There are 2 protein chains.
Amino acid sequence: MAKEKKLVEAITAMEDDFAQWYTDVVKKAELIAYSSVKGCMIIKPAGYAIWENIQKSLDAKFKETGVENLYMPMFIPESLLEKEKDHVEGFAPEVAWVTYGGLNQLQERLCVRPTSETLFCDYYANEVQSYRDLPKVCNQWCSVVRWEKETRPFLRSREFLWQEGHTAHATAEEAKERTEQMLNLYADFLEKELAIPVIRGQKTEKEKFAGAEATYTIESLMHDGKALQSGTSHNFGDGFAKAFGIQYTDKENKLQYVHQTSWGMTTRVIGAIIMVHGDNSGLVLPPKIAPIQVAIIPIQQKKEGVLDKAYELKEVLSKNFKVKVDDTDKSPGWKFSEQEMRGIPVRVEIGPKDIEANKCVVVRRDNREKYEVSLDDLETKLGEILDTMQKEMFERAKAHRDAHTYEVKNYEEFKDTIANKPGFVKAMWCGDMACEDKIKEETTATSRCIPFKQERIADTCVCCGNPAKHMVYWGKAY
Amino acid sequence: MAKEKKLVEAITAMEDDFAQWYTDVVKKAELIAYSSVKGCMIIKPAGYAIWENIQKSLDAKFKETGVENLYMPMFIPESLLEKEKDHVEGFAPEVAWVTYGGLNQLQERLCVRPTSETLFCDYYANEVQSYRDLPKVCNQWCSVVRWEKETRPFLRSREFLWQEGHTAHATAEEAKERTEQMLNLYADFLEKELAIPVIRGQKTEKEKFAGAEATYTIESLMHDGKALQSGTSHNFGDGFAKAFGIQYTDKENKLQYVHQTSWGMTTRVIGAIIMVHGDNSGLVLPPKIAPIQVAIIPIQQKKEGVLDKAYELKEVLSKNFKVKVDDTDKSPGWKFSEQEMRGIPVRVEIGPKDIEANKCVVVRRDNREKYEVSLDDLETKLGEILDTMQKEMFERAKAHRDAHTYEVKNYEEFKDTIANKPGFVKAMWCGDMACEDKIKEETTATSRCIPFKQERIADTCVCCGNPAKHMVYWGKAY
């Protein structure tokens, strides 16, 4: 029972220490375990099952747009990594190097992929000859390594899981369209499946991906008012194509460079789910992505017929929902805490009296609303409850974000808001990197994105007072 | 057209040069591409789609037996790898070592996982305290690295994809049962889905996994008469548990060591599919695992209504089959070759005259049997054809294996058979490793397994003449 006690002990309240609350949740909801490999985490079954659902959903959406999966080697020879100048500068300082194979020192060291643009370019240079070979729209699901100094589960770790899509197109227009298409796909996925509202926009020159012409991003706001970059889509133009010599002969038999894109989403979004929806009882999973949607918890399960009824309900409900029966010998109260900690969207409580009355009690995880439901209506009612919960989780997250988004017109206001009001700050910017640098240095806020939906808050840059070019979302970020 | 020509050029005949035939098929069926990373391959979309189907099917079967997926770090600290003596001796000579993280030399070098027993043991040592925590039945899908000197696509490469299951149990019996259960799961998968007959048995001491108490294996026979180890399941007893201190308190509150297993299947089985079923026109995919089962090839596709009919058929058939229409501007003959090279189980030929007569021609890939089928019956008939093809592919492979399995009673016969008759050799063995070593040295044949189904061919060891203990399958192997 000592072990049981540990879980029901209250976790740190998020108001008291958000970082500690986060750590408590990832551990007590059994999403991760620390490993003896510094900076790398073990994604435990409850965490990995969320990732499997994310994969399944995203992968199907990718394939609808013509994406083909493949698998590239995990190693990149140093000379290959160095082919595109900006790219190597961006990544070389944070890669892990393999220098020995068995007992022999390698003639050329290999980095463990931090991302695979260079491998895909090398591949496309061989595969693409004619316009008939285009477009190439490939993706891989894999892990990548970046030698981070400070790490946090899901948010920043030396190894993480992701998908990376890499495409090659005949024209610049087509590449631009694909970059936008994938960003919108990510945005819809976060909003509709993860119930996380996002801002869609473009990264500034300072914040864009190493080697990209333009980086599009979706930015979400965590419960503590910090921003999280939640998915990016890059338009490379023909920069990589020129560095790697990826050319095709067009219909007029002329040699042309291809135009490329890449786009990725990582296990980071699990961090976003936790920090957008979680509460002081633990994780709250959006029904659409929850590995288990319904926990049936028998009350007085030793009484005749209770467990049988629970299994019977499970069988019926499993046609439409992902259901488990908690038939362990723990107390119902403990089981409730556990279901809450793990973020299972609803629980169904059923005991001898309920069975007699042909009903049960359904409890929503997010707002703890209780429903007495006739067993005859349970299937229909559960569908409604889960749909409503999914919708309201999004609305609640959006209301929270909107309530923590501030418009500011001058630098004093900007500094004050960043310092005292956690959230997004919308402010005008002249487009000069010097202002961006100054803001970051003086406030630790970074430009999150130049949103596609522009507004004219003021005529001058919030920092230097020169004429403004863009409205920008700023914020402290993970 | 120059590019088109390349594919229709005959590939090397398997009778002339089996190794070259294999290389031709993996390249021309577009399963793999070579990368600029020596010894590592790119698994192209057509190859990766086969792996995705294998994953999907195996993963569902695993989960039915209670397996949970998780993800472990790809790095193993040297000190952790060294904890189990036999294990480190087996793997250390062939691992890749990371020695730098960014610009800094690591204090302890990390190997890129060749397999993850040590990581799972480290994890279970933390996770398991009480009998209530058992069993642990976990699996991960990932890539592993072994620094092989000679490599061949799918069969042996420095990086390959696989799944590795790792379990911990309260009792030795339970561990043994799980080892057997997973071997049987693999065997059924190969026989029923990949149409590859297998021998189930146990590896000798010499051939077992580094650190295992017993290794079970399924062995299949390739078309050239060489054996391929196609899946293994290891019983570790409590050896790793003692090395890593994985203990639990039982119901009587006594400390006990857990008993463990591990089991894996790799992208190697794609090599087996190629070498068991392929022919001189290319790949032949078993219908159950084929990413595309039906290729609809329009004849005179520029004539009005032909393409429309092809798309219409695709829509109808897609409810039950994986279908594509080849509507490229290549000639029908070229499309036939391509469908054959890629191993698509059946093609449906449909032209203006067929449409007029409300029929089409269906051609089976494996034996090229043609069927004239009324469009009204097409759905039913295709189901029958694919089922029959799946069944007959297994029977053909089994007949081939049986015809290339030889029983021998003395060493002269053994040497002669190994030298002149490619295939499995069944012969008695005394159980002494010296005989096994001698046989390997003198004939290059290795013991494939001690089959669970024992036969008494003779009373004495085929090598030394001492009393025989086991009947063993021997053979040259990939």
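Residues numbered from 1 in each chain as written. Chains lettered and ligands numbered in written order. Predicted model: local features only at pLDDT ≥ 70, side-chain atom pairs only at ≥ 80, totals over all residues.

> It is not clear to me how the overall build of chain A should be interpreted in this structure. Could you clarify?
A tally of helices and strands in chain A yields 15 helices and 23 strands. The globule rule puts the C-alpha radius of gyration for 478 residues at 23 Å, and the 25 Å found for chain A is close to it. Taken across its 478 residues, chain A has 49% of its residues classed as buried. If you take every contact in chain A between residues at least 6 apart in sequence, the share linking residues at least 24 apart comes to 67%. (Helix = DSSP H or I, 4+ residues; strand = E, 2+ residues; numbered from the N terminus. Rg over C-alpha atoms; globule rule 2.2 N^0.38 Å. Buried ≥ 20, exposed ≤ 12 C-beta atoms within 10 Å, placed from the backbone. Contact = placed C-beta atoms within 7 Å.)

> It is not clear to me how the sheet that holds strand β15 (residues 294–298) of chain B should be interpreted in this structure. Could you clarify?
As a general point, the strands of a sheet are linked pairwise by backbone hydrogen bonds and lie either parallel or antiparallel. Residues and elements named next belong to chain B. Pairing is mixed across the open sheet formed by five strands, whose spatial order is β16-β15-β17-β18-β19. A single partner strand is all that each edge strand has here, and the edge strands are β16 (323–325) and β19 (370–374). The mean angle between the axes of side-by-side strands here comes to 25°, regardless of whether they run parallel or antiparallel. Looking at chain direction, β15 and strand β17 (residues 346–350) are connected through five bridges and run parallel. By the bridge assignment, Ile297 is partnered in β17 with Glu349. Where helix α10 (residues 306–317) meets the sheet, its contacts fall on β15, β16 and β17, and the angle it forms with β15 comes to roughly 165°. (Pairing = 2+ DSSP bridges. Axes fitted to C-alpha atoms, helices over the stretch in contact; angles between N-to-C directions.)

> I would appreciate a short explanation of the nonpolar core in the present structure.
It is characteristic of soluble globular proteins that their nonpolar side chains tend to be buried jointly. Counting residues in each nonpolar core, the largest one holds 279 residues, and the members touching the most others are Ile296 of chain A together with Ile296 of chain B. In this view, Ile296 of chain A contacts Ala310, Leu313, Lys314, Val323, Val325, Val348 and Ile350 of chain A; residues no more than four positions away in its chain are not counted. (Core = buried A, V, L, I, M, F, W, Y, C linked by C-beta atoms within 7 Å.)

> Please explain the relation of the copies chain B and chain A as it appears in this structure.
A rotation about some axis, followed by a shift along it, carries one copy of the chain onto the other. Taken as rigid bodies, chain B and chain A are interconverted by a rotation of 180° and an axial shift of 0.0 Å, the fit giving an RMSD of 0.0 Å. Given the turn and translation reported, the copies of this chain are related as if by a two-fold rotation axis. Rotation axis and chain B: the residue whose C-alpha lies nearest the axis is Val98 of chain B, separated from it by 2.1 Å. Mapped onto chain A, 100% of the interface residues of chain B are again interface residues, and the two copies thus contact each other with one and the same surface. (Least-squares fit on C-alpha atoms with pLDDT ≥ 70 in both.)

> Even after reading the chapter, I still don't get the interface of chain B and chain A, so can you show me in this structure?
It is common to give the size of an interface as the accessible area that goes away when the parts come together. Listed by partner, the interface residues are 43 residues for chain B and 43 residues for chain A. If one sorts the elements of the side of chain B that touches chain A by residue count, strand β5 (residues 96–101) of chain B sits on top with six residues. For the side of chain B that touches chain A, a count of residues per class yields 29 nonpolar, eight polar and six charged. Here strand β5 (residues 96–101) of chain A runs beside β5 of chain B; their pairing, made up of five bridges, is antiparallel. When the bridges of β5 of chain B are listed, Trp97 of chain A appears paired with Tyr100 of chain B. (Nonpolar A, V, L, I, M, F, W, Y, C, P; charged D, E, K, R; others polar.)

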